[in-house]
Amino acid sequence: MWTGITIFILAYIAIASEKVDKTIAAMIGAGLMVAFHVADFTEMLGKVDLNVLGLLIGMMIIVNVMATTGVFEYLAVLIARQTRGNGVLVTVEFLLATAIISAFMDNVTTIILMAPITILITQLLGLPTVPILILEAIFSNIGGTATLIGDPPNILIGASCGLSFNDFLINLTPIIVVITLAILGIVVVFMGKRLRSNPEAVAQVQLTEPRLAILDAGRLKGSLIVFAFVLLGFFTSRLIHLEPGLIAICGAFIMALVCRVELAHMLEKVEWNTILFFCGLFMMVGALEIDGVFTLLGEHMVSLTRGNFALTMMIILWGSAILSAIIDNIPLVISMIPLINSIVPVFARQMGIEADTEAIRQQISEPLFWSLALGACLGGNGTLIGASANVVISQIAHKNNYKLSFKDFTCYGAPIMVLSVFISMVYLFLRYIHQW
């Protein structure tokens, strides 16, 4: 057991330090698990969640196909013109658009598409570019928390725990709407004076034609129709008995067929480095699960909280939030899922409902996983390295000669993280803990 734990910790340190490519660290860690007989390779392969990988690959292809139509540039120009260049309204609508798009697409992809357009608009209107870019990354993480497909931690939680697209909509979307509006209000109050547009630039914005941003109207129409059916599939996945991963991957290939895009080119756009990283992590964590590590940790955690369900939820929420601000939230969530699964039977025995799986899911399992989802996704806003979207926005800023430092991001992100997690804590208490 200690051999597996040591290998995992060393791999985790390598991933968090960013001195070694995270995929290399994860794959070598998985290989060492086999070499030191922590678990059998075949058993570890069985722990790789193909549903998660299918969902990720499918959504990456879908987004890349839609990006070729110019639809995202169209939205940016439309917002700038519709607000008549008003700096406050432009910022608010850009942040809202980022949050909403991130709820239905991967937040990293959303940032890659929105950031260059944001830089162009802020330069045109004379708005502070770096603060708006930081806020855009923050809102992409907040918006991505609302749905199953918006943020990789949610994809992992949903696929591993049998939670549907609708489960996320019902349980997480309401509080994310509240958090989004609260943070928007704070942005307007504290940054209103800095968001005044250049009068000359406002006149130029009025001359723009959003429709000219559309590169291929026929492809856009076809991609939107297919994407609508993919979303419908997510909504009805339990009724039609299809996993989200299968819906996404089939939808991606249908979109490529309908839009007449070269599939090989779209497959090149898939972040295979990320996919292999997930495979390595799944195998490492699976090895520890097979070795009984998480069962032991779960028993110790319940013992530490003395069986207090409310305290356990708060530890998961705040613990995952703080850790996600320090290290990437993806490996954290992969590690936490089997730990939470090991805690659930202990609380079920306390309630005397161990035979009733539906009651266990609704009263014990789901509240713990909603705590993990909120903590991991919102905690990523704490620092520059807390979430992949933050790192991507920093890289884009530097490529465009803007300095976005760790300190700059933390000054905005840390207070917003604390406030959003506190609001989540109140929500979890009112919605779930009162029943205990």
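Here, the structure is the one placed above.
As the structure is a prediction and not an experimental result, all values here were calculated from the model. (Residues numbered from 1 in each chain as written. Predicted model: local features only at pLDDT ≥ 70, side-chain atom pairs only at ≥ 80, totals over all residues. Heavy atoms only, no water.)

A. Structural view of the pattern of salt bridges. A complete count under the given rule lists 1 salt bridge for this structure. For Asp 216, the salt bridge identified is with Arg 219, shortest N-O distance 4.0 Å. According to the relative accessible area criterion, Asp 216 is partly exposed, its value standing at 30%. (Salt bridge = Lys/Arg side-chain N within 4 Å of Asp/Glu carboxyl O. Buried < 20%, exposed > 50% of the residue type's maximum accessible area, 1.4 Å probe, protein only.)

B. How the structure looks around a nonpolar patch on the surface. Taken together, the side chains of Val 20, Ile 24, Ile 28, Leu 32 and Phe 36 present a nonpolar region at the surface, about 450 Å² in accessible area. Mapping Ile 24 onto the fold places it in helix α2 (residues 22–35). (Patch = residues over 30% accessible without salt bridge, like charges linked within 9 Å, V, L, I, M, F, W, Y side chains within 5 Å. Areas by Shrake-Rupley, 256 points an atom, 1.4 Å probe, with all protein chains shown as cover. Helix = DSSP H or I, 4+ residues; strand = E, 2+ residues; numbered from the N terminus.)

C. Structural detail: the packing of aromatic side chains. According to the stated counting rule, one finds 3 aromatic pairs in the structure shown. When the ring of Phe 165 is compared with that of Phe 234, the centres are 5.6 Å apart and the planes differ by 15°; the resulting orientation is stacked. Here Phe 165, found in helix α10 (residues 165–171), pairs with Phe 234, found in helix α13 (residues 217–235); they are 69 residues apart in sequence, far enough to count as distant. Like Phe 165, the residue Phe 234 is buried in the burial classification. A ring pair is formed by Tyr 427 and Tyr 432, whose centres lie 6.3 Å apart and whose planes are at 85°; its orientation type is edge-to-face. The class for Tyr 427 is buried, based on a relative accessible area of 13%. Among the residues examined, Tyr 432 registers a relative accessible area of 6% and is labelled buried. Lying across the ring of Phe 277, Lys 22 places its NZ or CZ 4.9 Å from the centre. (Phe/Tyr/Trp six-rings, centres within 6.5 Å; stacked < 30°, edge-to-face > 60°. Lys NZ or Arg CZ within 6 Å of the ring centre and 35° of its normal.)

D. Structural context of the side chain of Thr 91. Inspection of the secondary structure puts Thr 91 in helix α6 (residues 87–104). Of the residues examined, Thr 91 reaches a relative accessible area of 2% and is grouped as buried. Once you skip the residues sitting within four places of it in the chain, Thr 91 turns out to touch Leu 127, Ile 132 and Leu 195. (Contact = heavy atoms within 4.5 Å.)

E. Structural context of the packing of helix α1 (residues 2–17) against helix α17 (residues 272–290). Close contact between α1 and α17 brings their axes to 9 Å; oriented N to C, the two are set at 155°. With respect to each other, α1 and α17 are oriented roughly antiparallel. In the packing of α1 onto α17, the handedness of the crossing is left-handed. Residues Gly 4, Ile 5, Phe 8, Ala 11 and Ile 15 of α1 lie in contact with α17, whose contacting residues are Phe 277, Leu 281, Met 284, Val 285 and Leu 288. Residue classes in the contact of α1 with α17 are distributed as 9 nonpolar, 1 polar and no charged. (Axes fitted to C-alpha atoms, helices over the stretch in contact; angles between N-to-C directions. Parallel < 35°, antiparallel > 145°, perpendicular 65-115°, else oblique. Left-handed = near helix turned anticlockwise from the far one by under 90°. Nonpolar A, V, L, I, M, F, W, Y, C, P; charged D, E, K, R; others polar.)

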